[in-house]
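One-letter residues, chain by chain:
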Amino acid sequence: MTDLFGAAGLDEGAPRPLAEAIRPAKLNEVVGQDHLIGPDGPLGRMLAQGELSSIVLWGPPGVGKTTIAQLLAEGTGLHFEALSAVFSGVKDLRAVFDKAEARRSTGQGTLLFVDEIHRFNKAQQDGFLPFVERGVITLIGATTENPSFELNGALLSRCQVLVLKALDEAALERLLARAEAYKQRQLDLSPDARAYLLDLAGGDGRYFLGLVEDLFRIKTTKPLEIQDLKNW
């Protein structure tokens, strides 16, 4: 599976960013989005039925949109393809559609994940329609912007819009516990500094794990306090 943010291609033993190293391997390991992935949530029901519709994931940065798309592909047996609308154009889309057509002729479906899908212009968005309608691809678009204003009505009518939440304190605590288990040690923080770190993340799990990774590099003889984090 190709990871959108460049982790794919690294050897298993090579160093990886913390966020990639502890990336969920199962949908139920994704934190903070139980309203979507739980048994009664829309994604939980889709996986239980083994049928996935095209989706737009709308939410703030760092809440698991890419991870969810990858895990949905695995859970439904679809080949995962990823594009960023920031870096891709018509040529890239055509190449993906051609590969999906060829894959379909062998009985293999394709999940196409498009990050920042709102960055595609109207003509590019229209280009998805025939491939979505014919089932050549299952589209999962990710956006931080309100899709009602940023996506074509025709494309929206063929997708289910699901809203992801910023990660709350409980979700971030779960990420931190997972990071500490992976590192096999706890961050040396005072309770107040730990609470400050959670607040500093602003609900962005990827940013939070970047902060945590940096803190793991600090050598200290005593627990760090809030002021230490402010001066850091």
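Above this text you will find the structure in question.
Our subject in this report is the structure included herewith. Small disclaimer: the values here were computed from a predicted structure and weren't measured.

Right, let's get into the environment of Leu-52. Take Leu-52: it is sitting in the loop between α3 (42–49) and β1 (55–58). Distance from Leu-52 to Ile-140, taken between C-alpha atoms, is 9.9 Å for residues 88 residues apart in sequence. If we ignore the near neighbours within four places in the chain, the residues touching Leu-52 are Met-46, Leu-72, Thr-76, Leu-78, Leu-111, Thr-138 and Ile-140.

Nonpolar side chains in soluble globular proteins tend to be buried together. Judged by nonpolar contacts, the single largest core of 45 residues is most densely connected at Leu-43 and Phe-208. Ranked by the residues each element gives to this core, the list is headed by helix α12 (residues 205–216), at 6 residues. Residue contacts for Phe-208: discarding those within four places in its chain leaves Leu-172, Leu-175, Leu-176, Leu-197, Leu-198 and Ala-201.

Our focus in this paragraph is the pattern of salt bridges. Tallied over the entire structure, the rule returns 11 salt bridges. Residue Glu-20 is joined to Arg-23 by a salt bridge in which the shortest nitrogen-to-oxygen separation is 3.0 Å. In this structure, Glu-180 and Arg-194 form a salt bridge, with 3.2 Å as the shortest nitrogen-oxygen distance. Linking Glu-180 in helix α10 (residues 169–183) with Arg-194 in helix α11 (residues 191–200), this pair joins segments that are 14 residues apart in sequence. Of the two residues examined, Glu-180 and Arg-194, each falls in the buried class. Bridged by salt links that share partners, the residues Glu-173, Glu-180 and Arg-194 form one connected network.

Moving on to the pairing of strand β2 (residues 79–84). One ladder, built from 6 bridges, connects β2 with strand β3 (residues 110–115); its direction is parallel. In the strand pairing of β3, Glu-81 is matched with Leu-112. For the segment spanning β2, helix α5 (residues 90–104) and β3, crossover handedness is right-handed.

Time to look at α12. Compared with an ideal rise of 1.5 Å per residue, which puts 12 residues at 16 Å, α12 spans 16 Å between its outermost C-alpha atoms and is within 8% of the ideal. Looking at the buried side of α12, the elements it contacts are α1 (18–21), α10, α11 and α13 (226–231). Its side-chain oxygen 3.1 Å from the backbone nitrogen of Arg-206, Asp-204 forms the N-cap of α12.

Each aromatic ring pair is characterised by the separation of its centres together with the angle its planes make. In the structure shown here, the tally under the stated rule is 4 aromatic pairs. Plain terms: the ring middles of Phe-80 and Phe-113 are 6.3 Å apart, the flat faces sit at 20 degrees to each other, and that makes the pair stacked. Of this pair, Phe-80 sits in strand β2 while Phe-113 sits in strand β3, placing them 33 residues apart in sequence. Relative to Phe-128, the ring of Phe-120 has its centre 5.9 Å away and its plane inclined at 50 degrees; by these criteria the two rings are tilted. Through successive ring pairs, a cluster of aromatic residues spans Phe-97, Phe-120, Phe-128 and Phe-131.

Reading the values: rules and limits
- Residues numbered from 1 in each chain as written.
- Predicted model: local features only at pLDDT ≥ 70, side-chain atom pairs only at ≥ 80, totals over all residues.
- Heavy atoms only, no water.
- Helix = DSSP H or I, 4+ residues; strand = E, 2+ residues; numbered from the N terminus.
- Contact = heavy atoms within 4.5 Å.
- Core = buried A, V, L, I, M, F, W, Y, C linked by side-chain atoms within 4.5 Å.
- Buried < 20%, exposed > 50% of the residue type's maximum accessible area, 1.4 Å probe, protein only.
- Salt bridge = Lys/Arg side-chain N within 4 Å of Asp/Glu carboxyl O.
- Pairing = 2+ DSSP bridges.
- Right-handed = clockwise from strand over helix to strand, strands pointing away.
- Expected span 1.5 Å × (residues − 1).
- Polar contact = N/O pair within 3.5 Å; in protein donor to acceptor, adjacent residues only side chain to side chain.
- Phe/Tyr/Trp six-rings, centres within 6.5 Å; stacked < 30°, edge-to-face > 60°.

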